[in-house]
Amino acid sequence: AIMPYNNEWSSPECTYIPISDKPLVIKNLMVNRTEGDAFKTYIIDVKGVYDVRIFNVTINTPDPGNFYGDQAIRITDCMDVLMEDVTINGSYSQKKQWGYGISLNNVVNFTARRLYGHASWGIFGNNNVNTALLEDCDINRWDIHHYGKDITLRNCTVSNVYNQYSSVYGTITYDGCTFNNCIPHLIDHSYNAYTKYIVRFRNCTVNTGSRYSRLFLFNRNDNLTNPRHELAEKFWPDVKIENLRINISGSNTATLFIRNKKFKDDSRIDA
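Residues numbered from 1 in each chain as written. Predicted model: local features only at pLDDT ≥ 70, side-chain atom pairs only at ≥ 80, totals over all residues. Heavy atoms only, no water.

### Brief notes about the layout of surface pockets
Heads up, the rule is: The pocket and cavity definitions rest on a 1 Å grid over protein atoms only: a 1.4 Å probe that fits but cannot leave marks a cavity, an open set with protein on both sides within 12 Å along at least five of seven lines marks a pocket, and residues lining either have an atom within 4 Å of a point. Grid points are joined across faces, edges and corners, and a volume is the space filled by probe spheres set on the points. Working definition: helices are DSSP H or I runs of at least four residues, strands are E runs of at least two. Numbering for both runs from the N terminus. Ten residues, namely Ala, Val, Leu, Ile, Met, Phe, Trp, Tyr, Cys and Pro, are considered nonpolar, four, namely Asp, Glu, Lys and Arg, are considered charged, and the remaining ones, Gly among them, are considered polar.
Reported here for the largest pocket is a volume of approximately 590 Å³. What lines the largest pocket is a set of 23 residues, among which A1, Y5, D77, N106 and V108 lie closest to the centre. Of all the secondary structure elements, the ones that give two or more residues to the lining of the largest pocket are β4 (71–89), β5 (100–113) and β7 (124–135). Ranked by residue count, the leading element in the lining of the largest pocket is β5, at four residues. When the residues that make up the lining of the largest pocket are grouped by side-chain class, the tally is 15 nonpolar, six polar and two charged. Estimated volume of the second largest pocket: approximately 420 Å³. In terms of lining, the second largest pocket is formed by 19 residues, of which the most central are Y147, Y169, R228, E230 and L231. When contributions to the lining of the second largest pocket are tallied by element, the ones reaching two or more residues are β10 (146–154) and α1 (229–232). When its residues are assigned to classes, the lining of the second largest pocket shows nine nonpolar, six polar and four charged.

Next comes the structure, spelled out in structure tokens:
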């Protein structure tokens with residue numbers, strides 16, 4: 001649970017699964033996908049497990065051709081998930097077609113340390129994530145497409161794409177992070193759900209050129225009304241910034257807040 005089910009739309013059903021007293025450990029794995037493969041190869045798919053630990057895993061994907069829709073590591077319906085020293089070089093994705101190195105759905109307490117992940121579309125694609133910590137990571141995208149709470153990126157480097165959120169709660173914290181030619185925080189319009197939450201930047205650095213000279217991009221579509229009364233009111237996040245350094249190259253200006261008024265059918269934003 002992320003928020004109370006105190007509305008007429010929610011009808012939760014509860015199930016349970018037996019769990020082991022030992023963690024599920026996956027470690028010391030290298031997978032080299034091959035250019036020109038006839039079929040896509042997914043690597044790790046974990047569902048309904050408590051205490052998942054993934055150590056020292058490398059996934060290399062060369063030119064994917066026309067392939068997209070990757071979920072190289074997929075974690076679903078899990079609690080207490082730890083990844084350390086995971087490297088993902090590329091994915092089945094295109095700049096205009098989705099594909100993820102890591103996909104989380106209905107996950108509580110996710111931690112990634114020393115994760116390196118870069119791919120054409122973006123390394124993460126997540127839904128329903130309650131409490132996550134990324135520490136000492138080098139990635140090109142972290143996101144929660146829909147429904148999340150309490151996320152921290154600490155001493156991370158994010159480059160070239162953006163961090164994207166929709167219908168999140170709690171606090172999103174960037175602590176000691178570096179953002180290179182990317183949008184540090186983007187609000188997605190796909191679900192027409194603009195909830196109240198806090199964004200906190202502490203001791204961060206933004207290195208930006210003329211193409212990505214913005215800190216926040218708010219894709220809030222006020223022309224649509226959400227039929228759910230608890231989502232009908234549209235909020236802006238509360239933003240708290242402490243000791244932020246912005247280095248500008250190739251442009252004379254940088255903008256902290258931009259509201260996008262052009263909406264496409266897909267959720268991809270061409271910044």
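Now that the structure has been shown, we can carry on.
### Section: the pattern of salt bridges
Applicable threshold: Here, a salt bridge means any side-chain nitrogen of Lys or Arg that lies within 4 Å of a carboxyl oxygen of Asp or Glu. For every residue, the accessible area obtained with a 1.4 Å probe (protein chains only) is divided by the maximum for its type, and the residue is called buried under 20%, exposed over 50%, and partly exposed between those limits.
Taken as a whole, this structure holds 15 salt bridges when the rule is applied. Here R74 ties to D45 by a salt bridge, and the two come within 2.6 Å at their closest N and O atoms. Taken together, the residues R74 in strand β4 and D45 in strand β2 (residues 44–47) connect sequence positions 29 residues apart. Judged by relative accessible area, R74 falls into the partly exposed class, the value being 34%. Relative accessible area serves as the criterion here: at 48%, D45 is assigned to the partly exposed category.

### Here's the deal with the sheet that holds strand β12 (residues 162–165)
Convention followed: When DSSP finds two or more bridges between two strands, those strands count as paired.
Read across the sheet, five strands follow the order β9-β12-β15-β18-β21 without closing on themselves; strand pairing throughout is parallel. Strands with a single pairing partner mark the edges of an open sheet, and in this sheet they are β9 (143–144) and β21 (255–259). As paired strands, strand β15 (residues 183–187) and strand β18 (residues 214–218) are joined by three bridges and run parallel to one another. Each residue of the ladder has a partner; that of L186, found in β18, is L217.

### So, a nonpolar patch on the surface
Formally: Each patch groups residues whose relative accessible area exceeds 30% and which form no salt bridge, using 9 Å between like charges and 5 Å between nonpolar side chains of Val, Leu, Ile, Met, Phe, Trp and Tyr. The Shrake-Rupley method, run with a 1.4 Å probe, gives the accessible areas here. Residue values count only the displayed protein chains as cover.
On the surface, a nonpolar cluster with roughly 380 Å² of combined accessible area is contributed by I241, I246, I248, L256 and F257. Here I241 lies in strand β19 (residues 238–242). With relative accessibility at 38%, the residue I241 sits in the partly exposed group.

### Some thoughts on the side chain of D70
Stated precisely, the cut-off is as follows: Polar contact is defined as a pair of N or O atoms within 3.5 Å, subject to the rule that within protein one atom must be able to donate a hydrogen and the other to accept it, and that residues adjacent in sequence are counted only when both atoms are side-chain atoms. By definition in these notes, contact holds between two residues if any of their heavy atoms fall within 4.5 Å.
As for its position among the elements, D70 is in the loop between β3 (50–60) and β4. We classify D70 as buried; its relative accessible area is 0%. One polar contact links D70 to R33, side chain to side chain, over a distance of 2.8 Å. Among the polar contacts listed, one links the side chain of D70 to the backbone nitrogen of A72, at a separation of 3.2 Å. Aside from chain neighbours lying at most four places away, what touches D70 is R33, Y42, S91, Y92, W98, G99 and Y100.

### With respect to unusual backbone geometry
Phi angles above zero are rare outside glycine, and N181 is one such case at about 45 degrees. Within the secondary structure, N181 is located in the loop between β14 (178–180) and β15. Of the residues examined, N181 reaches a relative accessible area of 33% and is grouped as partly exposed. Positive phi outside glycine occurs at N203, with the angle close to 55 degrees. The residue N203 is located in the loop between β16 (198–202) and β17 (205–208) in this model.

### Section: the packing of aromatic side chains
We count it as follows: Aromatic rings from Phe, Tyr and Trp, with only the six-membered ring used for Trp, were paired whenever their centres fell within 6.5 Å, and each pair was classed as stacked if the ring planes differed by under 30 degrees, edge-to-face if by over 60, and tilted otherwise. Charges are assigned to positions over rings by a cutoff of 6 Å between ring centre and Lys NZ or Arg CZ, combined with an angular limit of 35 degrees from the ring normal.
In this structure the tally under the stated criterion is 14 aromatic pairs. A centroid spacing of 5.5 Å and a plane angle of 85 degrees characterise the contact between F67 and Y92, whose relative ring orientation is edge-to-face. Placement of F67 in the loop between β3 and β4 and of Y92 in the loop between β4 and β5 is noted, with a sequence separation of 25 residues between them. Both rings, one in Y147 and one in Y169, keep their centres 6.2 Å apart while their planes meet at 85 degrees; by these two values the pair is edge-to-face. Here Y147 is found in strand β10, whereas its partner Y169 is found in strand β13 (residues 168–175), with 22 residues between them in sequence. Note on Y169: relative accessible area 15%, which makes it buried. Among the aromatic residues, ring-to-ring pairing joins Y174, F179, F201, F216, F218, W236 and F257 into one connected group. Looking at R33, its charged tip hangs above the ring of Y92, at a distance of 3.9 Å from the centre. When the ring centre of W236 is taken as origin, the NZ or CZ atom of R220, which lies over that ring, is 3.8 Å away.

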